[in-house]
Amino acid sequence: MKQLAIIFLTLILCVPTFAQKNKVVTIEINDKMKIDMVYIPADTFVRKNFYGDTCRPLGCYLKPVVAKGAYNGTDTIVLSDYYIAKFEVTQLLYETVMHKNPSWYNKTNTPELKNNDFDYRVHPAERVSWYEAQEFVDSLSALTGRHFRLPTEAEWEYAARAKHYNDHFSGSDDFNEVAWAWDNGGQQTHPVGKLRPNTFGLYDMSGNVEEWCSDWFSPYYYEPDTLYVNPTGPPEGHLKVIRGGSWGVYPNRACELDTRRGEIPTKKTNQGSGIRLVMDAEPVKH
(Lines give C-alpha, C1' and ligand atoms only; values in the text may rest on other atoms or scores of the structure.)
Protein backbone atom coordinates (compact mmCIF):
# COMPACT_ATOMS: atom_id res chain seq x y z
CA MET A 1 0.00 0.00 0.00
CA LYS A 2 2.87 2.33 0.82
CA GLN A 3 4.44 1.71 -2.60
CA LEU A 4 1.11 2.37 -4.32
CA ALA A 5 0.76 5.63 -2.40
CA ILE A 6 4.25 6.72 -3.47
CA ILE A 7 3.48 5.88 -7.12
CA PHE A 8 0.16 7.79 -6.94
CA LEU A 9 1.87 10.84 -5.42
CA THR A 10 4.57 10.73 -8.09
CA LEU A 11 1.94 10.70 -10.84
CA ILE A 12 0.21 13.72 -9.32
CA LEU A 13 3.45 15.66 -9.11
CA CYS A 14 4.26 14.85 -12.73
CA VAL A 15 0.98 16.26 -14.05
CA PRO A 16 1.53 19.75 -15.55
CA THR A 17 0.06 22.45 -13.35
CA PHE A 18 -2.58 24.96 -14.51
CA ALA A 19 -0.05 27.78 -14.32
CA GLN A 20 2.44 25.88 -16.50
CA LYS A 21 -0.15 25.01 -19.11
CA ASN A 22 -1.78 28.41 -19.25
CA LYS A 23 0.92 30.98 -18.89
CA VAL A 24 -0.28 34.53 -18.28
CA VAL A 25 1.53 37.44 -19.91
CA THR A 26 0.86 40.92 -18.54
CA ILE A 27 0.95 43.84 -20.98
CA GLU A 28 1.51 47.21 -19.31
CA ILE A 29 -0.30 50.20 -20.79
CA ASN A 30 0.78 52.64 -18.09
CA ASP A 31 1.53 52.61 -14.36
CA LYS A 32 -2.11 51.87 -13.49
CA MET A 33 -3.37 49.89 -16.48
CA LYS A 34 -2.36 46.33 -17.32
CA ILE A 35 -3.86 43.57 -19.49
CA ASP A 36 -3.55 39.90 -18.51
CA MET A 37 -3.37 37.65 -21.58
CA VAL A 38 -3.70 33.88 -21.16
CA TYR A 39 -1.61 31.65 -23.41
CA ILE A 40 -3.63 29.05 -25.34
CA PRO A 41 -1.42 26.31 -26.83
CA ALA A 42 -2.05 25.02 -30.35
CA ASP A 43 -4.61 22.22 -30.40
CA THR A 44 -7.28 20.36 -32.35
CA PHE A 45 -10.90 20.26 -31.26
CA VAL A 46 -14.31 19.19 -32.48
CA ARG A 47 -16.71 22.07 -32.93
CA LYS A 48 -20.34 21.45 -32.02
CA ASN A 49 -23.03 22.60 -34.42
CA PHE A 50 -26.37 21.30 -33.24
CA TYR A 51 -28.67 24.00 -34.62
CA GLY A 52 -27.55 24.77 -38.13
CA ASP A 53 -25.15 27.50 -37.06
CA THR A 54 -27.66 30.15 -36.08
CA CYS A 55 -30.35 31.18 -33.65
CA ARG A 56 -32.97 33.91 -33.79
CA PRO A 57 -34.53 36.05 -31.04
CA LEU A 58 -38.09 35.16 -30.17
CA GLY A 59 -39.32 37.69 -27.64
CA CYS A 60 -36.80 37.51 -24.82
CA TYR A 61 -35.80 33.95 -25.74
CA LEU A 62 -33.71 32.46 -28.51
CA LYS A 63 -35.25 29.99 -30.91
CA PRO A 64 -32.79 27.59 -32.59
CA VAL A 65 -33.14 27.68 -36.35
CA VAL A 66 -31.69 25.09 -38.73
CA ALA A 67 -30.84 27.11 -41.80
CA LYS A 68 -31.74 25.40 -45.07
CA GLY A 69 -28.63 23.84 -46.54
CA ALA A 70 -26.55 24.32 -43.40
CA TYR A 71 -24.60 21.40 -42.03
CA ASN A 72 -25.98 20.26 -38.70
CA GLY A 73 -23.24 18.21 -37.03
CA THR A 74 -19.60 18.60 -36.00
CA ASP A 75 -16.39 19.83 -37.60
CA THR A 76 -12.73 19.31 -36.72
CA ILE A 77 -10.70 22.48 -36.24
CA VAL A 78 -6.95 22.96 -35.85
CA LEU A 79 -5.80 26.14 -34.14
CA SER A 80 -2.35 27.65 -33.76
CA ASP A 81 -1.37 29.03 -30.38
CA TYR A 82 -2.57 32.47 -29.32
CA TYR A 83 -3.25 34.65 -26.29
CA ILE A 84 -6.73 35.64 -25.14
CA ALA A 85 -7.59 38.20 -22.47
CA LYS A 86 -8.47 36.94 -19.02
CA PHE A 87 -11.16 39.64 -18.73
CA GLU A 88 -13.48 41.53 -21.03
CA VAL A 89 -12.25 45.01 -22.00
CA THR A 90 -13.20 47.36 -19.17
CA GLN A 91 -14.44 50.89 -19.54
CA LEU A 92 -11.22 52.15 -17.96
CA LEU A 93 -9.11 50.34 -20.56
CA TYR A 94 -11.32 51.62 -23.38
CA GLU A 95 -11.12 55.18 -22.05
CA THR A 96 -7.34 54.94 -21.64
CA VAL A 97 -6.84 53.92 -25.26
CA MET A 98 -9.63 55.80 -27.06
CA HIS A 99 -10.11 58.85 -24.78
CA LYS A 100 -13.88 58.38 -24.91
CA ASN A 101 -16.47 56.03 -23.48
CA PRO A 102 -19.60 54.96 -25.39
CA SER A 103 -20.87 52.68 -22.59
CA TRP A 104 -24.33 53.11 -21.13
CA TYR A 105 -23.47 51.93 -17.63
CA ASN A 106 -21.06 54.73 -16.79
CA LYS A 107 -21.02 57.79 -14.56
CA THR A 108 -22.96 59.91 -17.07
CA ASN A 109 -25.95 57.67 -17.70
CA THR A 110 -26.30 55.93 -14.35
CA PRO A 111 -25.94 58.63 -11.65
CA GLU A 112 -28.35 56.74 -9.36
CA LEU A 113 -25.80 53.94 -9.08
CA LYS A 114 -23.16 56.18 -7.53
CA ASN A 115 -24.77 55.73 -4.14
CA ASN A 116 -24.30 51.96 -4.39
CA ASP A 117 -20.51 52.05 -4.72
CA PHE A 118 -20.88 51.68 -8.48
CA ASP A 119 -17.47 51.98 -10.13
CA TYR A 120 -18.14 52.05 -13.87
CA ARG A 121 -14.43 51.78 -14.67
CA VAL A 122 -14.24 48.08 -13.79
CA HIS A 123 -17.41 47.22 -15.73
CA PRO A 124 -17.07 45.96 -19.32
CA ALA A 125 -17.14 48.49 -22.13
CA GLU A 126 -20.40 48.17 -24.10
CA ARG A 127 -22.40 49.96 -26.78
CA VAL A 128 -19.40 49.33 -29.02
CA SER A 129 -20.03 48.49 -32.67
CA TRP A 130 -17.85 45.99 -34.54
CA TYR A 131 -16.09 48.84 -36.34
CA GLU A 132 -15.45 50.61 -33.04
CA ALA A 133 -14.11 47.37 -31.58
CA GLN A 134 -11.77 47.03 -34.56
CA GLU A 135 -10.64 50.63 -34.16
CA PHE A 136 -9.93 49.93 -30.50
CA VAL A 137 -7.72 46.89 -31.14
CA ASP A 138 -5.84 48.76 -33.87
CA SER A 139 -5.23 51.71 -31.53
CA LEU A 140 -4.13 49.40 -28.72
CA SER A 141 -1.71 47.65 -31.07
CA ALA A 142 -0.20 50.98 -32.10
CA LEU A 143 0.08 52.01 -28.45
CA THR A 144 1.77 48.82 -27.22
CA GLY A 145 3.67 47.55 -30.25
CA ARG A 146 1.86 44.20 -29.91
CA HIS A 147 -0.57 42.76 -32.45
CA PHE A 148 -3.95 42.78 -30.71
CA ARG A 149 -7.07 41.74 -32.60
CA LEU A 150 -10.57 40.36 -32.19
CA PRO A 151 -10.79 36.58 -31.77
CA THR A 152 -11.89 34.39 -34.62
CA GLU A 153 -15.05 32.51 -33.75
CA ALA A 154 -13.09 29.24 -33.59
CA GLU A 155 -10.58 30.77 -31.16
CA TRP A 156 -13.39 32.15 -29.04
CA GLU A 157 -15.26 28.85 -28.87
CA TYR A 158 -12.17 26.79 -28.04
CA ALA A 159 -11.21 29.22 -25.27
CA ALA A 160 -14.77 29.26 -23.91
CA ARG A 161 -15.09 25.49 -23.81
CA ALA A 162 -11.60 25.07 -22.32
CA LYS A 163 -11.63 21.33 -23.12
CA HIS A 164 -14.90 20.81 -21.21
CA TYR A 165 -17.02 20.17 -24.27
CA ASN A 166 -20.15 19.04 -22.47
CA ASP A 167 -20.52 22.04 -20.13
CA HIS A 168 -23.60 24.11 -20.88
CA PHE A 169 -21.79 27.32 -19.92
CA SER A 170 -18.14 28.31 -19.97
CA GLY A 171 -16.76 26.77 -16.79
CA SER A 172 -19.88 25.16 -15.34
CA ASP A 173 -23.31 23.66 -15.91
CA ASP A 174 -24.69 26.23 -13.44
CA PHE A 175 -24.86 29.70 -14.98
CA ASN A 176 -24.99 31.32 -11.54
CA GLU A 177 -21.39 30.24 -10.98
CA VAL A 178 -19.94 31.73 -14.15
CA ALA A 179 -22.33 34.09 -15.94
CA TRP A 180 -24.23 37.32 -15.32
CA ALA A 181 -27.53 36.94 -17.16
CA TRP A 182 -31.10 38.23 -16.86
CA ASP A 183 -31.96 35.91 -13.99
CA ASN A 184 -29.10 36.94 -11.70
CA GLY A 185 -27.64 40.14 -13.11
CA GLY A 186 -30.07 42.80 -11.90
CA GLN A 187 -30.52 44.04 -15.48
CA GLN A 188 -27.09 45.66 -15.73
CA THR A 189 -23.43 44.84 -16.30
CA HIS A 190 -21.16 43.81 -13.43
CA PRO A 191 -17.46 44.29 -12.63
CA VAL A 192 -15.38 41.84 -14.67
CA GLY A 193 -13.94 38.76 -13.02
CA LYS A 194 -16.32 38.46 -10.06
CA LEU A 195 -17.61 34.97 -10.86
CA ARG A 196 -15.75 31.69 -11.32
CA PRO A 197 -13.36 31.35 -14.28
CA ASN A 198 -13.27 28.42 -16.67
CA THR A 199 -10.42 25.90 -16.74
CA PHE A 200 -8.25 28.22 -18.84
CA GLY A 201 -8.66 30.98 -16.25
CA LEU A 202 -11.00 33.11 -18.39
CA TYR A 203 -13.86 35.06 -16.80
CA ASP A 204 -17.33 36.02 -18.05
CA MET A 205 -17.23 34.01 -21.27
CA SER A 206 -20.93 33.10 -20.94
CA GLY A 207 -22.29 36.34 -19.54
CA ASN A 208 -21.92 40.02 -18.61
CA VAL A 209 -21.56 41.17 -22.24
CA GLU A 210 -21.43 39.36 -25.55
CA GLU A 211 -18.13 39.57 -27.39
CA TRP A 212 -17.42 40.49 -31.01
CA CYS A 213 -15.56 38.03 -33.24
CA SER A 214 -13.67 38.89 -36.40
CA ASP A 215 -15.65 36.50 -38.64
CA TRP A 216 -18.39 37.41 -41.04
CA PHE A 217 -21.47 35.37 -40.23
CA SER A 218 -22.79 32.62 -42.48
CA PRO A 219 -24.84 29.52 -41.57
CA TYR A 220 -23.23 27.74 -44.54
CA TYR A 221 -19.55 28.25 -43.78
CA TYR A 222 -18.78 24.86 -42.22
CA GLU A 223 -19.17 21.74 -44.35
CA PRO A 224 -19.46 18.08 -43.32
CA ASP A 225 -16.37 15.91 -42.88
CA THR A 226 -14.03 18.84 -43.36
CA LEU A 227 -10.85 19.71 -41.50
CA TYR A 228 -10.41 23.45 -40.88
CA VAL A 229 -7.03 24.97 -40.03
CA ASN A 230 -7.27 28.38 -38.32
CA PRO A 231 -10.66 29.18 -39.92
CA THR A 232 -11.53 32.85 -40.23
CA GLY A 233 -15.07 32.63 -41.59
CA PRO A 234 -16.45 33.70 -44.99
CA PRO A 235 -14.50 36.29 -47.02
CA GLU A 236 -17.41 38.72 -46.96
CA GLY A 237 -20.87 39.21 -45.52
CA HIS A 238 -23.36 41.63 -43.97
CA LEU A 239 -23.28 40.54 -40.32
CA LYS A 240 -20.49 39.80 -37.85
CA VAL A 241 -20.45 36.91 -35.39
CA ILE A 242 -20.91 37.72 -31.71
CA ARG A 243 -20.50 35.04 -29.04
CA GLY A 244 -21.35 34.49 -25.38
CA GLY A 245 -24.36 35.58 -23.39
CA SER A 246 -24.96 38.90 -21.68
CA TRP A 247 -26.74 40.40 -18.67
CA GLY A 248 -29.73 41.12 -20.91
CA VAL A 249 -30.63 37.57 -22.00
CA TYR A 250 -32.16 34.56 -20.31
CA PRO A 251 -29.55 31.90 -19.50
CA ASN A 252 -31.59 29.03 -20.94
CA ARG A 253 -30.15 28.74 -24.47
CA ALA A 254 -29.26 32.44 -24.61
CA CYS A 255 -25.98 31.87 -22.73
CA GLU A 256 -25.39 28.20 -23.56
CA LEU A 257 -22.35 27.43 -25.68
CA ASP A 258 -24.18 24.97 -27.92
CA THR A 259 -26.85 27.45 -29.02
CA ARG A 260 -25.62 30.99 -28.48
CA ARG A 261 -24.22 32.02 -31.84
CA GLY A 262 -25.33 35.53 -32.62
CA GLU A 263 -25.04 37.70 -35.70
CA ILE A 264 -25.23 41.50 -35.59
CA PRO A 265 -24.78 44.31 -38.14
CA THR A 266 -21.33 45.88 -37.97
CA LYS A 267 -22.60 49.34 -37.04
CA LYS A 268 -25.15 48.23 -34.44
CA THR A 269 -24.52 48.91 -30.75
CA ASN A 270 -26.32 47.88 -27.58
CA GLN A 271 -25.71 47.69 -23.85
CA GLY A 272 -24.92 43.98 -24.07
CA SER A 273 -22.11 43.93 -26.65
CA GLY A 274 -18.43 44.25 -25.73
CA ILE A 275 -14.88 43.17 -26.51
CA ARG A 276 -12.43 40.45 -25.55
CA LEU A 277 -8.89 40.80 -26.85
CA VAL A 278 -6.73 38.26 -28.62
CA MET A 279 -3.00 38.72 -29.16
CA ASP A 280 -0.78 36.84 -31.59
CA ALA A 281 1.45 34.34 -29.85
CA GLU A 282 5.18 34.68 -29.44
CA PRO A 283 7.56 31.99 -28.20
CA VAL A 284 6.57 31.09 -24.62
CA LYS A 285 9.29 30.51 -22.03
CA HIS A 286 8.33 27.95 -19.41
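Here the structure is shown first, and the text comes after it.
Residues numbered from 1 in each chain as written. Predicted model: local features only at pLDDT ≥ 70, side-chain atom pairs only at ≥ 80, totals over all residues. Heavy atoms only, no water.

Caption draft 1: Layout of the sheet that holds strand β7 (residues 82-85). The antiparallel open sheet is built from five strands, whose spatial order is β1-β2-β7-β14-β8. Both edges of this open sheet fall to β1 (24-28) and β8 (148-149), since each of them pairs with a single strand only. Bridge count for β7 against strand β14 (residues 278-280) is three bridges, and the pairing is antiparallel. Of the residues in β14, the one forming a bridge with isoleucine 84 is valine 278. Where helix α5 (residues 153-161) meets the sheet, its contacts fall on β2 (34-40), β7, β8 and β14, and the angle it forms with β7 comes to roughly 70°. (Pairing = 2+ DSSP bridges. Helix = DSSP H or I, 4+ residues; strand = E, 2+ residues; numbered from the N terminus. Contact = heavy atoms within 4.5 Å. Axes fitted to C-alpha atoms, helices over the stretch in contact; angles between N-to-C directions.)

Caption draft 2: Spatial organisation of the environment of alanine 85. Position of alanine 85 among the secondary structure elements: in strand β7. A relative accessible area of 2% means that alanine 85 is categorised as buried. Beyond its immediate stretch of four places on either side in the chain, alanine 85 contacts Asp36, Met37, Leu202, Arg276 and Leu277. (Buried < 20%, exposed > 50% of the residue type's maximum accessible area, 1.4 Å probe, protein only.)

Caption draft 3: Fine view of the side chain of histidine 190. Mapped onto the elements, histidine 190 comes out in the loop between α6 (175-178) and β9 (210-216). Of the polar contacts made by the side chain of histidine 190, one reaches the backbone oxygen of glycine 185; its length is 2.6 Å. Those residues in contact with histidine 190 that lie beyond four places of it in its chain are Val122, His123, Pro124, Trp180, Gly185 and Asn208. (Polar contact = N/O pair within 3.5 Å; in protein donor to acceptor, adjacent residues only side chain to side chain.)

Caption draft 4: Representation of the sheet that holds strand β11 (residues 239-243). Strand order across the open sheet formed by four strands is β12-β11-β9-β13, with mixed pairing between neighbours. The open sheet terminates on both sides in strands that have one partner only, identified here as β12 (261-265) and β13 (273-274). The sheet contact formed by β9 and β11 spans three bridges and is antiparallel. In the strand pairing of β11, glutamate 211 is matched with arginine 243.

Caption draft 5: Representation of the environment of glutamine 134 in the model. Relative to the assigned elements, glutamine 134 resides in helix α4 (residues 130-144). Placed 14 residues apart in sequence, glutamine 134 and phenylalanine 148 show a C-alpha to C-alpha distance of 9.7 Å.

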